[in-house]
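Below are the chains, spelled out letter by letter.
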Amino acid sequence: MKWSRFVAMSVGVAMLAAACSSGSADVAIDDPWGRTSPKVATNAAFYMSITGGDADDTLVSASADVCGMVELHETVMNDGVMSMQHLPAGIPVPAGETVSLEPGGLHVMCMNKTAELEIGQMVSVDLVFETADPMTVDVEIRDE
């Protein structure tokens, strides 16, 4: 009887270890920042570099306490007019590659801002990926 419990526990531990390690697509975030914006401005944007892990992944959503709503966007040019486009499927992060979220391109859009963003302030932004573990990054507000 004791032997069967030992075997069952060993199998359970092995399965848990495999589940934790398989499909790991850890990503790395570098230089997260956002621009200053007065409270009267309803929107803001956050930028960063995201480097993919061992497997392809996708940034599927983000959230921040200073935002009423957060969406993933890209800036596009249509007939000479620059506009932002919501990316409901998220931002792909290919394995081992770096994706730049930057002004005039991909970004995390903070809408219905609830606070003024001032130089030097740190804003916590929660990032959710399709495969990698969710993470919180501290975004530095800059005057760039």
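Anything mentioned here points back to the structure above.
For the structure given in this document, a descriptive report is provided here.

Calculation rules
- Residues numbered from 1 in each chain as written.
- Predicted model: local features only at pLDDT ≥ 70, side-chain atom pairs only at ≥ 80, totals over all residues.
- Heavy atoms only, no water.
- Helix = DSSP H or I, 4+ residues; strand = E, 2+ residues; numbered from the N terminus.
- Buried < 20%, exposed > 50% of the residue type's maximum accessible area, 1.4 Å probe, protein only.
- Contact = heavy atoms within 4.5 Å.
- Areas by Shrake-Rupley, 256 points an atom, 1.4 Å probe, with all protein chains shown as cover.
- Core = buried A, V, L, I, M, F, W, Y, C linked by side-chain atoms within 4.5 Å.
- Phe/Tyr/Trp six-rings, centres within 6.5 Å; stacked < 30°, edge-to-face > 60°.
- 1 Å grid on protein atoms, 1.4 Å probe; cavity = no way out; pocket = protein on both sides within 12 Å on 5 of 7 lines; lining within 4 Å.
- Points joined across faces, edges and corners; volume = space filled by probe spheres on them.
- Nonpolar A, V, L, I, M, F, W, Y, C, P; charged D, E, K, R; others polar.
- Salt bridge = Lys/Arg side-chain N within 4 Å of Asp/Glu carboxyl O.
- Disulfide = S-S within 2.5 Å.

Time to look at the overall build of the protein chain. Within the protein chain, the secondary structure is distributed over 1 helix and 10 strands. Going from the N terminus to the C terminus, the protein chain shows its helices and strands as α-β-β-β-β-β-β-β-β-β-β. Across the 144 residues of the protein chain, 35% fall into the buried class. Across the protein chain, contacts joining residues at least 24 apart in sequence account for 68% of those joining residues at least 6 apart. With the model as given, the accessible surface of the protein chain reaches about 8400 Å², and the carbon-plus-sulfur share is 56%.

Of all hydrophobic cores here, the largest spans 29 residues; its most connected members are F46, I50, V108, V123, V125, L127 and F129. Residue assignment for this core shows that the elements contributing at least two residues are β2 (43-51), β3 (57-64), β4 (67-78), β6 (91-93), β7 (98-101), β8 (106-113), β9 (122-129) and β10 (135-142). With residues up to four places along the chain from it excluded, the contact list for L127 reads I29, M48, L59, S61, A62, P134, M135 and V137.

Tallied over the full model, the rule gives 1 aromatic pair. When the centroid spacing of 4.7 Å and the interplanar angle of 40° are considered together, the rings of W33 and Y47 count as tilted. Taken as a pair, W33 in strand β1 (residues 28-35) and Y47 in strand β2 lie far apart in primary sequence, 14 residues in all. Considered together, W33 and Y47 belong to a single accessibility category, that of buried residues.

So, about the layout of surface pockets. The space that makes up the largest pocket amounts to roughly 170 Å³. Taken together, R35, T36, S37, A44, A45, Y47, T75, M84, P103, G104, H107 and M109 make up the full set of residues lining the largest pocket. In terms of residue class, the lining of the largest pocket is built from 6 nonpolar, 5 polar and 1 charged.

Inspection of every chain in the model, using the stated rule, returns 2 salt bridges. In this structure, R142 engages D31 in a salt bridge whose closest nitrogen and oxygen atoms are separated by 2.3 Å. With R142 in strand β10 and D31 in strand β1, the pair connects residues that are 111 residues apart, well separated along the chain. Look at D31 and you get partly exposed, because its relative accessible area is 37%. Connected via shared salt-bridge partners are D31, E140 and R142.

Moving on, we come to the environment of E97. Within the secondary structure layout, E97 lies in the loop between β6 and β7. Taking the C-alpha atoms as reference points, E97 and I50, separated by 47 residues in sequence, lie 8.2 Å from one another. Ignoring anything within four residues of it in the chain, the contact list for E97 reads I50, T51 and G52.

So, about the state of the cysteines. Within this structure, the stated rule accounts for 1 disulfide. The disulfide bridge from C67 ends at C110, spanning 2.1 Å between sulfur atoms. Measuring the twist about the S-S bond at about -115°, one finds the C67-C110 disulfide to be left-handed. Separated by 43 residues along the polypeptide, C67 in strand β4 and C110 in strand β8 bring together distant segments of the chain. Here C67 falls in the buried class, since its relative accessible area comes to 9%. Classification of C110 by relative accessible area gives buried; the value is 0%.

In short, shape yes, function no, at least from these values alone.
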